[in-house]
Amino acid sequence: ELSSARRMRTAGWTVIATLPTGIAFESINSIRDKIYFGAILSSLIIPILLWLYLHGQLTPLSRAAKTLDEMTQGRMPLQPLLAEGSKEIRRLLHSFNLLQSHINEQKTSLNESAEKLRLSAKVFESSCESIVIADAAMRIVSVNRAFTEMTGHAGDEVVGRSLRMLAADQGDDQFATLVGQHLRSAEHWQGEVLHRRKSGETYPAWLHVSAIRDAEGRPGHYVFGFLDISDRKQAEERIEYMAFHDPLTGLPNRRLAMERLELAITLADRSQTRTALVFLDLDNFKTINDSFGHAVGDLLLQAVASRLMLCIRDSDTICRQGGDEFLIVLGNVADADAITVVTRKILEALAPTFNIEGKELSTSSSIGIAVFPDDGRDIDTLLKRADTAMYHAKEAGRNAYSFFTEQMNLDAVEHQQVRVGLLHAMERGEFRLHYQPQIDINSGKVIGAEALIRWQHPEHGLLAPA
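Here we summarise the structure given alongside this text.

What counts and what doesn't
Residue indices begin from 1 for each chain and proceed along its sequence in written order. The predicted nature of this model means local features are confined to residues of pLDDT at least 70 and side-chain atom pairs, given and counted, to a pLDDT of 80 or more, with totals for whole chains, interfaces and linings taken over all residues. Processing note: side-chain calculations cover all non-hydrogen atoms of the structure and skip hydrogens and water entirely. In the sections that follow, a salt bridge refers to a side-chain nitrogen of Lys or Arg positioned within 4 Å of a carboxyl oxygen of Asp or Glu. Helix and strand assignments follow DSSP, with helices taken as H or I runs no shorter than four residues and strands as E runs no shorter than two, numbered in order from the N terminus. Only protein chains enter the accessibility calculation, which uses a 1.4 Å probe; a residue is then buried when its area is under 20% of its type maximum, exposed when over 50%, and partly exposed in between. Strand pairing is defined by DSSP finding a minimum of two bridges between the two strands. Geometry is summarised by axes, namely lines fitted to C-alpha atoms with helices restricted to the contacting stretch, and by angles between N-to-C directions that run from 0 to 180 degrees. Should any heavy atoms of two residues lie within 4.5 Å, those residues are considered in contact.

As for the pattern of salt bridges
The tally for this structure, following the rule as stated, stands at 15 salt bridges. Residues Asp281 and Lys394 are paired through a salt bridge, measuring 2.8 Å at the closest nitrogen-oxygen approach. Highlighted residues: Asp281 in strand β8 (residues 274–282) and Lys394 in helix α12 (residues 379–395), separated in sequence by 113 residues. As far as the burial class goes, Asp281 and Lys394 line up, both buried. For Asp316, the salt bridge is made with Arg313, and the minimal N-O distance between the two is 2.8 Å. The exposure class of Arg313 is partly exposed, given its relative accessible area of 39%. Within the structure, one salt-bridge network assembled from shared partners comprises Asp281, Asp283, Lys394 and Arg398.

So, the sheet that holds strand β7 (residues 219–228)
Strand order in this open sheet of five strands is β4-β3-β7-β6-β5, and the pairing throughout is antiparallel. With partners counted over all chains shown, the strands left at the sheet margins are β4 (140–143) and β5 (188–196), one partner each. Between one strand and the next, the sheet's axes are offset by a mean angle of 25°, whatever the strand orientation. Judged from the nine bridges that link them, strand β6 (residues 202–213) and β7 form a sheet pairing that is antiparallel. Considered in β7, the bridge of Trp206 is made with Leu227. Here helix α7 (residues 230–244) sits on the sheet and contacts β5, β6 and β7; the angle it forms with β6, its principal contact strand, is near 125°.

What follows is the structure, given as structure tokens:
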């Protein structure tokens, strides 16, 4: 029982009340049972709720982890993850997607760089141009296949060696110094150089150099590109040769002869000596051409050129002006006697017959000579007067030579005036018809007449044909 006592002062009594504990604690026990029941029920419900909450929160992460595992193992392509779940999880997945996007961009960039490197390596190796990569000290780092084919040096033979080994003069360091100085301020240099192959053969090459600078702007590496220009140089030399030489005889042409004549005149004027211009024309060459054909005529011209070359000094020039005409420039001659010696030697050299394809051919020449400064001080005047002298030699019977004289010039001017006057005489009505009777000597009778033309010249009066 549960007892309770209280003393009553007014009555002097003590009141005691008793109650069985079962009845006294009945409400407490009821509350206790409810608390126990609630605690048991809560211990069952809270884990379930907590599991459901955590499951709901962790499912996006689990799904993301599963997707990542699939992508890692290659069973599905890389792709952004679905941003779901709580705010924090969505932020986490969004950050992961940004990271993945950045990684993809870097991967794409790396793939592009790798492809560019692959293409660059392909170009480097398959280029027809010889390419050499050198360090800042001009030591070879790498070469391509074209370099090996061009120089004969294998890559492992030259790596680490100085570029000086390629120079024709391997002891000359001027080239490396020149390139290095130029590329301190510029990015490129190009020019023609002379290189040496492994066999020792030298060849011209066109070189272009580019500097690869480091972060501080200093040249860290150089890229050298070489092209063998031997064929181009030969073509240029051939073109230049054809521009200044006769293709049939190989002699200098008129252009080159005029340049050398100008130089000879300049030197003669400076040294107070003489220069002779010799104009040579083959006699009856047209007859040979017409009789035996142009092929034989060409062979005859080549044979004549060979004989003429034996008649002059190395310092003199002989050229084929065209057809069967030749010009000879004799520089630094003292007097007419020295010129005469050469011209007589030419006539004697051409006197023997030529054997052309089994045919015995003979030709002679008419030679005209004009002398600087006696006959003229410029090229055109000397050409005209040498030509005039040559025609005078022809008129004198051919196979001869003739120096120009002032009388020749006067005769040529008069001849030209007569020729031009005759061209206009018909238009101007200057011709007159005359009859010369033909008389029989025995009978003295006129048996006919010869019709003759006289020229009533406005300045010189009546001119007969002679």
